[in-house]
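Structural features, examined
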Amino acid sequence: MVYNNSISEIISQIAEVAGYLWERGWAERNGGNISYNITDVVDETITSLKPLGEAIVLPQPVKNLCNNYFIVTGTGKRMRYVHSNPMKNMSIIRISADGTYYDIIAEEYIRPTSELPSHLMIHDYLLGKGRNNKVVVHTHPIELVAMTHNPAFLEKDVLSKILWSMIPETRAFCPKGLGIARYQLPGSVVLAEETIKQLDEYDVVMWEKHGAVAIGEDLIEAFDMIDTLSKSAKIYESACSMGFVPKGMTDEQMDELKRVFNL
């Protein structure tokens, strides 16, 4: 299928980031998923498409997403194959006029990720708040997931402060820090609800013992935040493997960064 330039660029960006997730070891087997709201850039090529199969009812209506269009990675699909052959491993879906179901409209009848309810509930919440976050990306960054196995790191902002203190760029590029959603069944409405609770304060949320979720106006922005936080987690892990727990930057040093860079 031939898409307009905007959609073609989005597909290329998803393929690019999918490759990064695979290369970093964050997307084992079919781990991780991506959704991108393309409603603003669809044209008649997309809007005129008929459903490829039966409509799929959503577990919870998404009233702010009525008649919205998304590119979504497929269930059981590997990020390494999203990278090499994107539209054989993703689908374009259209949310119904009442927000209660969706149709798969392109290019093949590929069922979206099992995490789709979480993705759509997050998109629905953000759009309802008037936020221009078109992307939700979920992946399994190794060191960050490992840190969520420590109960002490799950208290509010404890992990944010540790990661901020490892390297100045983390404070600058992830100024909101990292929210925590306690463990819930993957793909569940409860997990989505726990994530949404964090989104007024944070752009990245860790799912305990599972993975990270980031939102952004574009996919590179969302990926970069997880990548930066992961770098800090690696620095922390490296220091611990050398036999000491790093003290990190002091509160005064981080306050100086916040003041100078207007964070």
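You'll find the structure just up there.
Residues numbered from 1 in each chain as written. Predicted model: local features only at pLDDT ≥ 70, side-chain atom pairs only at ≥ 80, totals over all residues. Heavy atoms only, no water.

A few words on the overall build of the protein chain. Along the backbone of the protein chain there are 10 helices and nine strands. In terms of overall dimensions, the protein chain is globule-like: its C-alpha atoms have a radius of gyration of 19 Å, near the 18 Å expected for 263 residues. Its C-alpha atoms give the protein chain principal-axis dimensions of about 60 × 35 × 35 Å. Across the protein chain, contacts joining residues at least 24 apart in sequence account for 74% of those joining residues at least 6 apart. Working note: accessible area of the protein chain is about 12000 Å², and carbon and sulfur atoms make up 50% of it. Once the 25 positive and 34 negative side-chain charges of the protein chain are each reduced to a mean point, those two points are 3 Å apart. (Helix = DSSP H or I, 4+ residues; strand = E, 2+ residues; numbered from the N terminus. Rg over C-alpha atoms; globule rule 2.2 N^0.38 Å. Contact = heavy atoms within 4.5 Å. Areas by Shrake-Rupley, 256 points an atom, 1.4 Å probe, with all protein chains shown as cover. Lys, Arg positive; Asp, Glu negative; His and termini not counted. Charge placed at Lys NZ, Arg CZ, Asp CG, Glu CD.)

Let us now look at the side chain of Ser-160. Positionally, Ser-160 belongs in helix H6 (residues 158–164). Owing to a relative accessible area of 2%, Ser-160 belongs among the buried residues under this scheme. Look past the residues within four positions of Ser-160 in its chain and what remains in contact with it is Gly-177, Leu-178 and Tyr-202. (Buried < 20%, exposed > 50% of the residue type's maximum accessible area, 1.4 Å probe, protein only.)

Checked against the element boundaries, His-138 lands in strand E6 (residues 135–139). Here His-210 takes part through its side chain, which lies 3.2 Å from a polar atom of the side chain of His-138. At 3.0 Å, the side chain of His-138 and the backbone oxygen of Ala-212 are in polar contact. Look past the residues within four positions of His-138 in its chain and what remains in contact with it is Gly-32, Asn-33, Glu-115, His-119, Trp-207, His-210, Gly-211, Ala-212 and Val-213. (Polar contact = N/O pair within 3.5 Å; in protein donor to acceptor, adjacent residues only side chain to side chain.)

The next thing to look at is the sheet that holds strand E8 (residues 204–207). Taken in spatial order, the nine strands of this open sheet run E2-E5-E4-E3-E1-E6-E9-E8-E7, and their pairing is mixed. Looking along the sheet, the strands with just one partner apiece sit at the ends: strand E2 (56–57) and strand E7 (178–181). The pairing of E8 with strand E9 (residues 211–216) spans four bridges and is antiparallel. Bridging across to E9, Val-205 finds its partner in Val-213. This element, helix H9 (residues 219–241), spans strand E1 (33–37), E6, E7, E8 and E9 of the sheet and lies at about 140 degrees to E9. (Pairing = 2+ DSSP bridges. Axes fitted to C-alpha atoms, helices over the stretch in contact; angles between N-to-C directions.)

Time to look at the pairing of strand E4 (residues 90–95). In terms of residue burial, E4 counts as a mostly covered element, since six of its six residues are buried. Neither face of E4 is left uncovered, since the one carrying Met-90, Ile-92 and Arg-94 and the one carrying Ser-91, Ile-93 and Ile-95 both have all their residues buried. Two elements, strand E3 (residues 69–73) and E4, share five bridges in a ladder whose sense is antiparallel. Bridged to Tyr-69 within E4 is Arg-94.

Looking now at the pattern of salt bridges. The tally for this structure, following the rule as stated, stands at nine salt bridges. Note that Lys-197 is salt-bridged to Glu-194, the shortest N-O span being 2.9 Å. By relative accessible area, which is 22% here, Glu-194 ends up partly exposed. Taken together, the shared-partner salt bridges in this structure form one network comprising Arg-131, Lys-176 and Asp-203. (Salt bridge = Lys/Arg side-chain N within 4 Å of Asp/Glu carboxyl O.)

Residues Leu-178 and Ile-180 line one face of E7 and the alternating positions Gly-179 and Ala-181 line the opposite face, and both faces are buried. Between E7 and its parallel partner E8, the chain crosses via helix H8 (residues 189–196), and the hand of that crossover is right-handed. (Right-handed = clockwise from strand over helix to strand, strands pointing away.)

In this structure, the amide linkage connecting Ala-106 to the following residue, Glu-107, adopts the cis form with an omega of -20 degrees. Along the chain, Glu-107 turns up in the loop between strand E5 (101–106) and helix H4 (116–128). One non-glycine residue, Arg-29, lies in positive phi territory at about 45 degrees. A positive phi angle, near 60 degrees, is found at Lys-209, a position not held by glycine. Inspection of the secondary structure assignment puts Lys-209 in the loop between E8 and E9.

Another point: the packing of helix H1 (residues 5–23) against H9. Two numbers describe how H1 lies on H9: the axes approach to 10 Å, and their chain directions differ by 15 degrees. Looking at the two axes, H1 sits roughly parallel to H9. Along this stretch, H1 crosses H9, giving a crossing that reads as left-handed. The segment H1 lies against H9, with Gln-13, Ile-14, Glu-16, Val-17, Tyr-20 and Leu-21 engaging Leu-219, Ile-220 and Phe-223. Residues of the contact of H1 with H9, tallied by class, amount to seven nonpolar, one polar and one charged. (Parallel < 35°, antiparallel > 145°, perpendicular 65-115°, else oblique. Left-handed = near helix turned anticlockwise from the far one by under 90°. Nonpolar A, V, L, I, M, F, W, Y, C, P; charged D, E, K, R; others polar.)

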